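Architecture at a glance
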Amino acid sequence: MDDITEKVREIQKKFKIIGRSEELKKIILARIVGKNILIEGEVGVGKTTLAQAISNYFDSDFNRIDCSEDTLTHNLVGHWDPPLVISNGYIEDSYVYGPLASAMSNGGCLFINEINRMPESTQNALLTALDERILDIPKLKTIHATDNFFVVATLNPSAHVGVSVLGEAIKDRFIWIKIDYQKPEEEIEIIKQEVKLNGDLDDKIARISQEIVQITRNNPSLRRGSSIRGSIDLAALISQYDTNNSTKNWIEAAIMALYNKIELEDGVSKSKKEIITEIVLSVLNSSDF
Ligand SMILES: Nc1ncnc2c1ncn2[C@@H]1O[C@H](COP(=O)(O)OP(=O)(O)OP(=O)(O)O)[C@@H](O)[C@H]1O
Ligand SMILES: [Mg+2]
């Protein structure tokens, strides 16, 4: 077994990651050659899980920022604490390090979750740091990043709300890794792990929940299907019913689990409830339910 394959196995084991060997291999390669990594994928495909695992595996110093339209430069870089500045002046102790300044000075990982939500002005502060590997903190000092400074970012391509376009300049500075939905068998394993299912009947719950969700992704009436979170929620709900071989219960649980996780295509006259019901019935009828 070569070194990279061994690292992949170690990461899978340590962080309970199911599958994703190819993706992990690519991420490890990028990390070994010191490149910043941008992980792109739809909602719920496992971007945060992979990014977190890789940075925890390689870097003792882990600095995280979850982006929104309100993520300003000072949230990323750091800021002066006004009362401390008044009493002590512009000294090191009066400065509150943000995740970027910490990662650069301690030589750790900066994990930027949903970088596509970061406003452009904030992206620019990052750009200089990535480019020149220096960060100027006026009145204090210039931080020169240590060799281990490293960025892992996640990008959700079809998020609609609060998204700024990720600048070409930023994209140019990352190695790009795209992740897609996993194979059904792997998704079933993830569902079982998340809901802690065991035994024969539970295997069936996981299979049916996965299949229902998979169909939402290819249904022409839906613009957006559900991620694995829909199957996890559905499996968790249905396993709490007194009986889980009732069609009525499956429909009820599926509506609860999936209603907010799917979006109708324009001009579709059926309701979400009708579409979910049809999908549940088709899956239950075709399985040995
Ligand atoms: N390969 C995997 N092995 C084990 N669990 C996984 C795997 N992929 C995803 N999961 C689980 O699925 C759920 C969704 O994953 P995660 O939060 O990483 O997705 P995401 O792509 O970051 O989602 P979002 O786009 O909403 O930020 C989590 O509960 C996570 O633990
Ligand atoms: Mg995420």
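Cut-offs and rules
- Residues numbered from 1 in each chain as written.
- Chains lettered and ligands numbered in written order.
- Predicted model: local features only at pLDDT ≥ 70, side-chain atom pairs only at ≥ 80, totals over all residues.
- Core = buried A, V, L, I, M, F, W, Y, C linked by C-beta atoms within 7 Å.
- Buried ≥ 20, exposed ≤ 12 C-beta atoms within 10 Å, placed from the backbone.
- Helix = DSSP H or I, 4+ residues; strand = E, 2+ residues; numbered from the N terminus.
- Contact = placed C-beta atoms within 7 Å.
- Domains from an automatic or database assignment.
- Nonpolar A, V, L, I, M, F, W, Y, C, P; charged D, E, K, R; others polar.
- Near = placed C-beta within 6 Å.
- Axes fitted to C-alpha atoms, helices over the stretch in contact; angles between N-to-C directions.
- Parallel < 35°, antiparallel > 145°, perpendicular 65-115°, else oblique.
- Left-handed = near helix turned anticlockwise from the far one by under 90°.
- Pairing = 2+ DSSP bridges.
- Expected span 1.5 Å × (residues − 1).

The next thing to look at is the nonpolar core. With 45 residues, the main nonpolar core has L100 and M104 as its most contacted residues. If one sorts the elements of this core by residue count, strand β8 (residues 150–155) sits on top with five residues. Dropping the residues within four chain positions of it, M104 is found in contact with A129, L135, I143, A145 and F149. Membership of the second largest hydrophobic core comes to 26 residues, among which are L237, W250, A254 and I279.

Glancing now at the domain arrangement of the protein. Structurally, the protein comprises domain 1 (3–178) and domain 2 (184–286). Each of domain 1 and domain 2 was reduced to a C-alpha centroid, and the two centroids are 34 Å apart. Between domain 1 and domain 2, the residue contacts involve seven residues of the former and seven residues of the latter. Its residues placed into classes, the side of domain 1 that touches domain 2 shows three nonpolar, two polar and two charged.

Let us look at the site of ligand 1. As a matter of local geometry, ligand 1 sits amid 18 residues, with I18, G46, K47, T48 and T49 nearest to it. The set of elements that each furnish at least two residues to the shell around ligand 1 consists of α3 (47–58), α9 (184–195) and α11 (228–238). Tallying contributions element by element places α3 first for the shell around ligand 1, with three residues. The residues that make up the shell around ligand 1 include at least three from each of domain 1 (3–178) and domain 2 (184–286).

Between helix α2 (residues 21–32) and α3, the shortest axis-to-axis distance is 11 Å and the interhelical angle comes to 45 degrees. One way to sum up the angle between α2 and α3 is to call them oblique. Read as a crossing pair, α2 and α3 show a hand that is right-handed. Two secondary-structure elements touch here, α2 through E23, L24, I27 and R31 and α3 through L50, I54 and F58.

Our focus in this paragraph is the packing of helix α1 (residues 3–14) against α2. Two elements in contact, α1 and α2, have axes whose closest approach is 9 Å; the angle formed by their N-to-C orientations is 115 degrees. Classified by the angle their axes make, α1 and α2 are roughly perpendicular. The two elements α1 and α2 meet at a crossing, and its hand is right-handed. Here α1 contributes I4, K7, V8 and I11 to the contact with α2, which in turn contributes S21, L24, K25, I28 and L29.

Read across the open sheet, the five strands follow the order β2-β5-β8-β1-β9; overall the sheet is parallel. For this open sheet the edge positions go to β2 (62–66) and β9 (175–178), each flanked by a neighbour on one side alone. Ignoring which end each strand starts from, the neighbouring axes of this sheet average 15 degrees apart. Note: strand β1 (residues 37–40) against β8, four bridges, orientation parallel.

Quick look at the environment of R224 now. With respect to the helices and strands, R224 occurs in strand β10 (residues 222–224). C-beta crowding within 10 Å serves as the criterion here: with 16 such atoms nearby, R224 is assigned to the partly exposed category. Ignoring any residue separated from it by four or fewer positions in sequence, one finds R224 in contact with I262 and E263.

A few words now on the pairing of strand β5 (residues 109–113). It is a general feature of regular strands that their side chains alternate between the two faces of the sheet. Burial within β5 is extensive, with five of its five residues counted as buried. Burial along β5 is two-sided: the face carrying C109, F111 and N113 and the face carrying L110 and I112 are both buried. Relative to β5, β2 is paired through five bridges, and the arrangement is parallel. When the sheet's bridge partners are listed, R64 is paired in β5 with F111. Bridge count for β5 against β8 is four bridges, and the pairing is parallel. Each residue of the ladder has a partner; that of I112, found in β8, is A153.

With twelve residues, α3 extends 17 Å between its outermost C-alpha atoms, agreeing within 8% with the 16 Å of an ideal straight helix rising 1.5 Å per residue. Those residues of α3 not exposed but buried are K47, L50, A51, A53, I54 and S55. Looking at the buried side of α3, the elements it contacts are α1, α2, β1, β2, β5 and β8.

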